[in-house]
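Topology and contacts: notes
Chain by chain, the residues run as shown.
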Amino acid sequence: MKKLKHLISSLSIKNRMIISLTIILAASFITTNYLYYSSSHKSVRENLINSVLPLTRDNLYSEIQTNIIRPIFISSLMANDTFLKDWALDGERNIDVIKKYLDAIKKKYNFFSVFFVSEKSGKYYHYRGILKTISTADPHDVWYYDFKKLNREYDLDVDTDEAAGNKLTVFINHRLNGYNGEFLGVTGVGLNMASIKEMLIKHNSLYGNNIYLVDKECVVQVHSDEKIIGRTNIKDLPEMKHISEKIISGNLEPEIYEFERGERHILLTTRFIPEFDWYLFVEIDEDSRMSSILSSIKTNLVIGLILSCIIIAISIATANYFQKRISLIAVTDELTGAYNRKEFEIQFKKAVYSFNRNGTPFSVIIIDLDRFKEINDTLGHLTGDEILKSLAGTSKKTLRLTDSLFRWGGDEFIVITQGDIDNALSAAERLRKHFHESMSGFPGEKKPDGNTMATISCGVAEFTSGDSMDSLISRADSALYRAKTKGRNRVES
């Protein structure tokens, strides 16, 4: 903790600001997207559980019911058809007639199978002729005897159709009674279970659900994947074992369950179909429904990252700009742009250190504007300020890059120049001459006698071993005084 505090305290204000801004932006985007995801996930989940799943389940149930009602109605018409009754009561003499009758119904209503089983003869009449004679010894014929015992008008039976290669078929069985109520046999139609399967597959592809039918033993009976039909028991699936136990417990009301399949969270709703004695299963992969939201969040994060980088880059550039401005203001004179007195002390120490370590010579030049008070009184302080700025500008252009200009105070400037006294004298003379020339076009710069009013005098001194800042400046001041007494606009050392 102490190391962390020390690390934070050692950072500059700019770095701390950038780090804080980065943390705030990152936290803002992460928090915003997390809240968006949480809110969206809750909304999607509630919509799936309270709306999508129940509606899909009930619509499918209604569609299955609709597909069954029509064949029930047709089988009822057949059971009340006087032709069929008369034919059975007349001794079933003309087989071609019953074949045509059953075939006509099959073609008209597009049924998978149409049949009549005679109680008197035991013959199973099919639209192609006599299929067989039923027997209590044949397991395929158990349905007939079971239905007879039920004493019900009609019943649905899911079984294989021997006449169609043992394909799974939904049979609608209807009692055929004589005019006096005597039992004549069973008539009805068959629906290919493949049509139910196609309907489920259609819903799967349209809505992205997994829909299938399961019997009371929890064995899958209808599924888009034929490999698991009749072979998969949901009680054997670890993720669905607890669900199967609740389903077979006898609860026939629609229910909604949740479980994990691998890394996917699955929502499941079930509904009992009494006509089949089966359960309708409708699964929705909750995670897949969140994919578009996750994609949106990823896009938001990418955009957020780009925007954050832009904001941080702008902040860094702005901070650097103002830091440079502040640093410059701290070491420069506001009017002329020359370094200030505080910076002179720092640069002087560096020059002394270089002299003591490497023997690098340096000198100072004190510059003073001649008759500056007279200029201010005659031309005004604003003009005086312009002349001071002109002197600073000329100095920067004339001096070498290794030389530094400082405003010493009032109309005085001081220069630290690399080199011995001769180099310093040359630099001072060059500066005096260029400034004199720059003033030739300055408004109001000439006295009545034609001489230029704005000129400078310079005092030069070279640093020697044992010198202090005060002693060096004192010698340069003495040289400046001599330049003034000798007529101004000159250089002395």
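One structure accompanies this document, and this report is about it.

1. As for unusual backbone geometry
Generally, phi is negative for residues other than glycine and the peptide bonds are trans, each holding for most cases. In this structure, Glu92 is a non-glycine residue whose phi angle is positive, near 55 degrees. Structurally, Glu92 is set in the loop between helix 3 (82-89) and helix 4 (95-109). Classification of Glu92 by relative accessible area gives buried; the value is 9%. The backbone phi angle of Arg371 is positive, close to 55 degrees, even though this residue is not glycine. By secondary structure assignment, the location of Arg371 is in the loop between strand 12 (362-369) and helix 11 (372-379). By relative accessible area, which is 33% here, Arg371 ends up partly exposed.

2. With respect to the sheet that holds strand 12
The strand order across the open sheet built from 5 strands is 13-14-12-15-16, with neighbouring strands paired in mixed fashion. Two strands lie at the open edges of the sheet, namely strand 13 (404-409) and strand 16 (491-492), each paired on one side alone. Two elements, strand 13 and strand 14 (residues 412-418), share 5 bridges in a ladder whose sense is antiparallel. Note on strand 14: the bridge partner recorded for Gly409 is Glu412. Sheet strands in contact with helix 14 (residues 469-485) are strand 12, strand 13, strand 14, strand 15 (456-462) and strand 16, and its direction is about 145 degrees off that of strand 15.

3. Let's talk about the sheet that holds strand 7 (residues 210-215)
Overall, antiparallel pairing links the 5 strands, which are arranged 8-7-11-10-9 in an open sheet. Pairing within the sheet leaves two strands with one partner each, and these edge strands are strand 8 (220-222) and strand 9 (255-261). Direction aside, the axes of adjacent strands within the sheet are offset by 35 degrees on average. Packing of helix 2 (residues 13-79) onto the sheet brings it into contact with strand 7, strand 9, strand 10 (264-273) and strand 11 (278-285), and relative to strand 10 it is tilted by some 35 degrees. Strand contacts of helix 6 (residues 193-207): strand 7, strand 8 and strand 11, with the helix running at about 145 degrees to strand 7, the strand carrying the most contacts.

4. Describing the environment of Ala427
Position of Ala427 relative to the elements: it lies in helix 13 (residues 421-438). By relative accessible area, Ala427 is classed as buried at 2%. Taking the C-alpha atoms as reference, Ala427 lies 8.2 Å from Thr417; in sequence the two are 10 residues apart.

5. Topic: helix 4
Every α-helix carries 3.6 residues per turn, so stepping three or four residues along brings you back to the same face. Compared with the 21 Å implied by 1.5 Å per residue over 15 residues, the 22 Å span of helix 4 between its first and last C-alpha is a close match. For helix 4, every residue scored as buried is listed here: Ile98, Tyr101, Leu102, Ile105 and Lys106. In a view along the axis of helix 4, the buried residues occupy a sector of 130 degrees, so they form one face of it. Exposed positions of helix 4 whose direction lies more than 90 degrees from the buried face are Lys100, Lys107 and Lys108. Along its buried surface, helix 4 packs onto helix 2, helix 3, strand 1 (113-118) and strand 2 (123-126). Between the side-chain oxygen of the N-cap and the backbone nitrogen of Asp96 there are 3.2 Å, and the N-cap of helix 4 in question is Asn94. Following helix 4 by one or two positions, Asn110 has its phi on the positive side, about 55 degrees.

6. A few points about the packing of aromatic side chains
According to the stated counting rule, one finds 21 aromatic pairs in the structure shown. Where Phe355 meets Phe463, the ring centres are 5.0 Å apart and the plane angle is 80 degrees; that geometry is what we call edge-to-face. Of this pair, Phe355 sits in helix 10 (residues 341-358) while Phe463 sits in the loop between strand 15 and helix 14, and the two are 108 residues apart along the sequence. Ring pairing ties together the aromatic residues Tyr339, Phe344, Phe348, Phe355, Phe362, Phe406, Trp408 and Phe463, which thus form one cluster. Positioned above the aromatic ring of Tyr61 is the side chain of Arg271, whose terminal nitrogen or guanidinium carbon lies 3.9 Å from the ring centre. Its end group placed over the ring of Trp408, Arg341 keeps NZ or CZ at 3.9 Å from the ring centre.

7. Considering a nonpolar patch on the surface
A surface patch of nonpolar side chains, about 600 Å² in accessible area, is lined by Val302, Ile303, Ile306, Leu307, Ile310, Ile311 and Ile314. Tracing the backbone shows Ile310 in helix 9 (residues 291-331).

Thresholds, definitions, all that
- Residues numbered from 1 in each chain as written.
- Predicted model: local features only at pLDDT ≥ 70, side-chain atom pairs only at ≥ 80, totals over all residues.
- Heavy atoms only, no water.
- Helix = DSSP H or I, 4+ residues; strand = E, 2+ residues; numbered from the N terminus.
- Buried < 20%, exposed > 50% of the residue type's maximum accessible area, 1.4 Å probe, protein only.
- Pairing = 2+ DSSP bridges.
- Contact = heavy atoms within 4.5 Å.
- Axes fitted to C-alpha atoms, helices over the stretch in contact; angles between N-to-C directions.
- Expected span 1.5 Å × (residues − 1).
- Arc of directions from axis to C-beta.
- Polar contact = N/O pair within 3.5 Å; in protein donor to acceptor, adjacent residues only side chain to side chain.
- Phe/Tyr/Trp six-rings, centres within 6.5 Å; stacked < 30°, edge-to-face > 60°.
- Lys NZ or Arg CZ within 6 Å of the ring centre and 35° of its normal.
- Patch = residues over 30% accessible without salt bridge, like charges linked within 9 Å, V, L, I, M, F, W, Y side chains within 5 Å.
- Areas by Shrake-Rupley, 256 points an atom, 1.4 Å probe, with all protein chains shown as cover.
- Salt bridge = Lys/Arg side-chain N within 4 Å of Asp/Glu carboxyl O.

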